[in-house]
Amino acid sequence: MNRKEKQALRARQEDVILNKVLWWIVGSVLLEMLLLLLNKVYVNYTVDQAQVELAYALRGLFQILAIVLPICFVGMLLLWLAARRAGRLVRLTGGLTLAALALAACAVVIRVFDSSGVRFLYVAVPAVAVLALIYYLYQREFFFAALLSALGLLGIKVIPRTGLSATVAYGYAVVLAVILVAAAVLFRLLQKNQGKLTVKGKLTRVLPKSANYAMLYVTCALVAAVVIAAAVLGGLTVLYGVLVAWLLILAVYHTVRLM
């Protein structure tokens, strides 16, 4: 492959990435606008009879959507898998599957947590969009660290809760512990194989050869320590600051490495 062919290939890859980024931005903006509208008519509605009736109607609607939308997601996932095997309409079915997943997740969260679920989604939707941008535009190492740190920030908010939310808190603590252990094991396997992982009998590059695994291990340990501190001391503001400061340090570190 000569120089011009390499440049053309790189340009096509950049166009594909740009299109994906734009779709993520558009999708997150539309979903955030829908949540703002929902906040007005479902959470902060007035005592007007029409708005009260609309809020109750929406509550009943979400009971249905929390069942229907996950089923739609499973159906779209099966269509996407069939499209991959056939080699046709992969992007279209993949995009629709992601959209179905997002709507299903939102419906379930609102159904389970009601108005607090809507407030949570205000933050969750932009956070997921930012993680997607990091995945496509930045170094893969930083994406993993940002993802784990985001889960840690959510843990600081969720895990100290008691009462009716105690089940959710304990459940999230267990899930986060499993994720951190699995992440540490994955990073160790990647380190041993110079950033590659065997998928379906083939070596697939996940991280570059120059990846700094020490930063990833520190991220796992720091997230675990901060979440344990939150469980013991409560959701102190300083704990949020620790993870945010670590993310800023990682952002500067990886930016310098790109230069």
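Each value, and the rule that gives it
- Residues numbered from 1 in each chain as written.
- Predicted model: local features only at pLDDT ≥ 70, side-chain atom pairs only at ≥ 80, totals over all residues.
- Heavy atoms only, no water.
- Salt bridge = Lys/Arg side-chain N within 4 Å of Asp/Glu carboxyl O.
- Helix = DSSP H or I, 4+ residues; strand = E, 2+ residues; numbered from the N terminus.
- Buried < 20%, exposed > 50% of the residue type's maximum accessible area, 1.4 Å probe, protein only.
- Axes fitted to C-alpha atoms, helices over the stretch in contact; angles between N-to-C directions.
- Parallel < 35°, antiparallel > 145°, perpendicular 65-115°, else oblique.
- Left-handed = near helix turned anticlockwise from the far one by under 90°.
- Contact = heavy atoms within 4.5 Å.
- Nonpolar A, V, L, I, M, F, W, Y, C, P; charged D, E, K, R; others polar.
- 1 Å grid on protein atoms, 1.4 Å probe; cavity = no way out; pocket = protein on both sides within 12 Å on 5 of 7 lines; lining within 4 Å.
- Points joined across faces, edges and corners; volume = space filled by probe spheres on them.

**Student:** Just checking my understanding: could you explain the pattern of salt bridges for this structure?
**Tutor:** Close approach of charged atoms allows side chains of opposite charge to pair. Taken as a whole and judged by the stated rule, the model has 2 salt bridges. Between Arg59 and Asp114 there is a salt bridge, and its shortest N-O distance comes to 3.5 Å. Of the two residues, Arg59 is situated in helix H2 (residues 49–86) and Asp114 in helix H3 (residues 90–137); the sequence distance between them amounts to 55 residues. Residue class for Arg59 comes out partly exposed when judged on its relative accessible area of 27%. Put simply, Glu141 and Arg257 hold a salt bridge, and the shortest N to O gap is 3.2 Å. One end of the pair, Glu141, is in helix H4 (residues 140–158); the other, Arg257, is in helix H7 (residues 237–258), and 116 residues separate them in sequence.

**Student:** Help me out: how do you make sense of the packing of H3 against H4 in this one?
**Tutor:** What describes two packed helices is the angle between their axes and the distance between those same axes. At a minimum axis distance of 9 Å, the contact between H3 and H4 shows a crossing angle of 165 degrees. As judged from the angle between their axes, H3 and H4 are roughly antiparallel. Crossing of H3 over H4 shows left-handed handedness. Here Phe120, Leu131, Ile134 and Tyr135 of H3 come into contact with H4, specifically with Arg140, Phe142, Phe143, Ala146, Leu147, Ala150 and Leu154. Each residue belonging to the contact of H3 with H4 can be placed in one class, and the counts come to 10 nonpolar, no polar and 1 charged.

**Student:** Please clarify how the layout of surface pockets should be interpreted in this entry.
**Tutor:** With a probe scaled to a water molecule rolled over the atoms, the places where space remains empty come into view. The volume enclosed by the second largest pocket comes to roughly 280 Å³. Around the second largest pocket sit 15 residues that line it, and Leu34, Leu38, Phe62, Leu65 and Ile110 are the ones nearest its centre. Listing elements by their share of the lining of the second largest pocket, those giving two or more residues are helix H1 (3–43), H2 and H3. The leading source of residues in the lining of the second largest pocket is H1, at 6 residues. Residues of the lining of the second largest pocket, tallied by class, amount to 15 nonpolar, no polar and no charged.

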